[in-house]
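One-letter residues, chain by chain:
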Amino acid sequence: MPNRADSDNEAQMCVQGKVPLMSIESIHQLHIFIFVMALVHVFYSCLTMILARLQMRGWGKWEEEYWQQDAIRDSFKMSRQNSFVTDRTQHPWTSKAWFQWIDSFFRQFYRPVKQSDYLTLRLGFVKNHNVGPKFNFLKYMMQTMEEDFKVIVGISASLWVFVIVFMLLNIYGWYTYFWIAFLPLLLLLVVGTKLQHIMTILAIEIANSNTLIGEPIKPRDELFWFSRPHLMLHLIHFILFQNSFELAYFFWLWATYGIDSCFLENRSFVYARVVLGFFSQVLCSYATLPLYALVTQMGTTYKKAMFKPPIEKALQGWHHKAMENRRKRMSGEKADALMVKGRGSLPKSPLGPGSSPSPSPEVPEAFEAELTSAPKRRKLEPR
């Protein structure tokens, strides 16, 4: 801005004993930081989602293999589910809760989703929701991830509050910029461990049941924290935002003050932070997001991606029309209540004794207005 110096001098002209809270220059730097923050967050979220989808595309061969086993599909499903149960319950300490969590923690690093895991959870989803035989489970998960991406790429007010708190705690000597780097990685490991633990619980339930191996698992919301599968998405959203914020803060300091500034004087902390950020991105793309897309289908309900776009639009239109008709009926009942209050009695219904004066949703609007507002009984003409 060519006149920034003059504007800054004008901003300094305060009442004696007062100073401006923020100068024009500091507000300008804040605007630049917000722009860099949004740009890095969108790029970071898109890159993480693309890598996760590439990881999930490898599951396509498992989906094709399932459909190629038409002649021996029942025995094929039974063998895969048997492998799923055996792999997660073969250790004698599997019944111990502490061992289940430790085992789930290490499973997220090497082959977090195996073929037996995918096919067993797929069978449980199909049986629980009674979908058709031609249902493509992998395509459904891809569509749900597209819907979840709208949440991940957004920045809510609560996330901006976290940024403000970080700024207030970023005091010289506290090294907040370094210690806060461990928060997203810690949350990422906790979420991945929980998702693996859910699959272990399902395997133990099958092993302890009185039925033969081959019975489908029982998806339900109670498997998740607070019975809310969607809570996992909000945690992943916060993790990605926190990583994006720290990387954006690093690039902004570098571009604004240089790599030799006092903000970046401890190079070991800076390098450790960058390494942790990229490690979190690789782990989230390779393990956590694919695990989330698969395991959260084990909730009680399914998502709207189950329906094709024309059916989804038809259902939304039906919903809006039903809500509109409900509002019309409520407005008609309020009009009747006003007439009762003003006249002391209800007008007789044109539809006969014992019937409701409010019309059905199929009655035209003009006729409905006439029924609810006319004080006298209307004579019906024969058709």
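Rules of the game
Residues numbered from 1 in each chain as written. Predicted model: local features only at pLDDT ≥ 70, side-chain atom pairs only at ≥ 80, totals over all residues. Heavy atoms only, no water. Helix = DSSP H or I, 4+ residues; strand = E, 2+ residues; numbered from the N terminus. Contact = heavy atoms within 4.5 Å. Areas by Shrake-Rupley, 256 points an atom, 1.4 Å probe, with all protein chains shown as cover. Buried < 20%, exposed > 50% of the residue type's maximum accessible area, 1.4 Å probe, protein only. Polar contact = N/O pair within 3.5 Å; in protein donor to acceptor, adjacent residues only side chain to side chain. Expected span 1.5 Å × (residues − 1). 1 Å grid on protein atoms, 1.4 Å probe; cavity = no way out; pocket = protein on both sides within 12 Å on 5 of 7 lines; lining within 4 Å. Points joined across faces, edges and corners; volume = space filled by probe spheres on them. Nonpolar A, V, L, I, M, F, W, Y, C, P; charged D, E, K, R; others polar. Axes fitted to C-alpha atoms, helices over the stretch in contact; angles between N-to-C directions. Parallel < 35°, antiparallel > 145°, perpendicular 65-115°, else oblique. Left-handed = near helix turned anticlockwise from the far one by under 90°. UniProt positions renumbered as here; feature names shortened; annotations may be inferred. Core = buried A, V, L, I, M, F, W, Y, C linked by side-chain atoms within 4.5 Å. Phe/Tyr/Trp six-rings, centres within 6.5 Å; stacked < 30°, edge-to-face > 60°. Patch = residues over 30% accessible without salt bridge, like charges linked within 9 Å, V, L, I, M, F, W, Y side chains within 5 Å. Salt bridge = Lys/Arg side-chain N within 4 Å of Asp/Glu carboxyl O.

Student: When you look at the overall build of the chain in this model, what are you seeing that I'm missing?
Tutor: The helix and strand inventory of the chain stands at 14 helices and 0 strands. Contacts in the chain between residues far apart in sequence, at least 24 positions, make up 79% of those at least 6 positions apart. Entry remark: accessible area of the chain is about 22800 Å², with carbon and sulfur atoms responsible for 63%.

Student: Which parts of the structure should I look at to understand the side chain of His237?
Tutor: Counting through the fold element by element, His237 comes out in helix α11 (residues 231–257). On the accessibility criterion, His237 (8% relative accessible area) is buried. Reaching out from His237, the side chain makes a polar contact with the backbone oxygen of Ile152 at a distance of 3.2 Å. Within the structure, the side chain of His237 is placed 2.6 Å from the backbone oxygen of Gly154, a separation counted as a polar contact.

Student: Can you walk me through α11 in this structure?
Tutor: An α-helical turn contains 3.6 residues, so any two residues separated by three or four positions project in the same direction. In this model, α11 (27 residues) spans 39 Å end to end at C-alpha, consistent with the 39 Å of a helix rising 1.5 Å per residue. Within α11, 19 of the 27 residues are buried, which leaves it mostly tucked inside the rest of the structure. Downstream of α11 by a residue or two, Gly258 has a phi angle that is positive, lying close to 95°.

Student: Explanation requested: the layout of surface pockets in the structure shown.
Tutor: Think of a ball as big as a water molecule: rolled over the atoms, this probe shows where empty space is left. Put simply, the largest pocket is a space of about 430 Å³. In terms of lining residues, the largest pocket is bounded by 16 residues, among which Met22, Ser26, Leu30, Met167 and Trp252 are the most central. Elements supplying a minimum of two residues to the lining of the largest pocket: α2 (24–57), α8 (157–169) and α11. Of the residues assigned to the lining of the largest pocket, the class counts are 14 nonpolar, 2 polar and no charged.

Student: Is there a simple way to explain the packing of helix α10 (residues 182–208) against helix α12 (residues 267–295) in this structure?
Tutor: Any two packed helices are characterised by the angle at which their axes cross and by the distance between the axes. Their axes nearest at 10 Å, the elements α10 and α12 cross at an angle of 25°. In terms of axis orientation, α10 runs roughly parallel to α12. Seen from above, α10 lies across α12 with left-handed handedness. In contact with Phe182, Leu185, Leu188, Leu189, Val191, Gly192, Leu195, Gln196, Ile198 and Met199 of α10, α12 contributes Leu276, Phe279, Ser280, Leu283, Cys284, Thr288, Leu291, Tyr292 and Val295. Broken down by class, the residue content of the contact of α10 with α12 amounts to 15 nonpolar, 4 polar and no charged.

Student: So what exactly am I meant to see when it comes to the UniProt feature "transmembrane region" (unreviewed entry) in the chain here?
Tutor: The sites that carry the UniProt feature "transmembrane region" (unreviewed entry) are, in the present numbering, residues 30–52, 149–168, 174–192, 231–254 and 274–295. End C-alpha atoms of residues 274–295 are separated by 30 Å, and the span's content is 100% helix alongside 0% strand.

Student: How should I be thinking about the nonpolar core in this particular structure?
Tutor: Grouped burial of nonpolar side chains is what soluble globular proteins tend to show. Within the largest apolar cluster, 75 residues are counted, with the highest numbers of intra-cluster contacts made by Trp59, Tyr118 and Met141. At 14 residues, α11 tops the list of elements feeding residues into this core. Once residues within four sequence positions are removed from consideration, Met141 is found in contact with Met56, Trp59, Tyr118, Ala293, Leu294 and Gln297.

Student: Looking at this structure, how should I read unusual backbone geometry?
Tutor: One can expect most non-glycine residues to show negative phi and most peptide bonds to be in trans. In this structure, Arg111 takes a positive phi of about 45° despite not being glycine. In this model, Ser227 sits at a positive phi of 60°, which is unusual for a non-glycine residue. Take Ser227: it is sitting in the loop between α10 and α11. Of the residues examined, Ser227 reaches a relative accessible area of 36% and is grouped as partly exposed.

Student: Help me out: how do you make sense of the packing of aromatic side chains in this one?
Tutor: A ring pair, where both rings are aromatic, is described by two values, the distance of the centres and the angle of the planes. Counted according to the given criterion, the structure contains 24 aromatic pairs. Look at Phe125 and Phe137: their rings are 5.3 Å apart centre to centre, the planes differ by 45°, and that puts the pair in the tilted class. Of this pair, Phe125 sits in helix α6 (residues 115–129) while Phe137 is found in helix α7 (residues 137–152), placing the two residues 12 residues apart along the sequence. Among the residues examined, Phe125 registers a relative accessible area of 0% and is labelled buried. The buried category is assigned to Phe137, whose relative accessible area is 0%. When the centroid spacing of 6.1 Å and the interplanar angle of 85° are considered together, the rings of Trp252 and Tyr257 count as edge-to-face.

Student: I keep staring at a nonpolar patch on the surface and nothing clicks. Help me out?
Tutor: Where nonpolar side chains cluster on the molecular surface, the patch consists of Trp93, Trp98, Ile102, Phe106, Phe109, Tyr110 and Phe279 and spans about 820 Å² of accessible area. Per-element accounting of the nonpolar patch gives the leading share, 3 residues, to helix α5 (residues 97–107). Along the chain, the position of Tyr110 falls in the loop between α5 and α6.

Student: Would you mind going over α6 with me for this structure?
Tutor: The end-to-end C-alpha distance of α6, which contains 15 residues, comes to 21 Å, matching closely the 21 Å that a straight helix rising 1.5 Å per residue would cover. With 13 of 15 residues buried, α6 lies mostly within the body of the structure. Positive phi shows up at Asn130, right after α6, with a value of about 55°.

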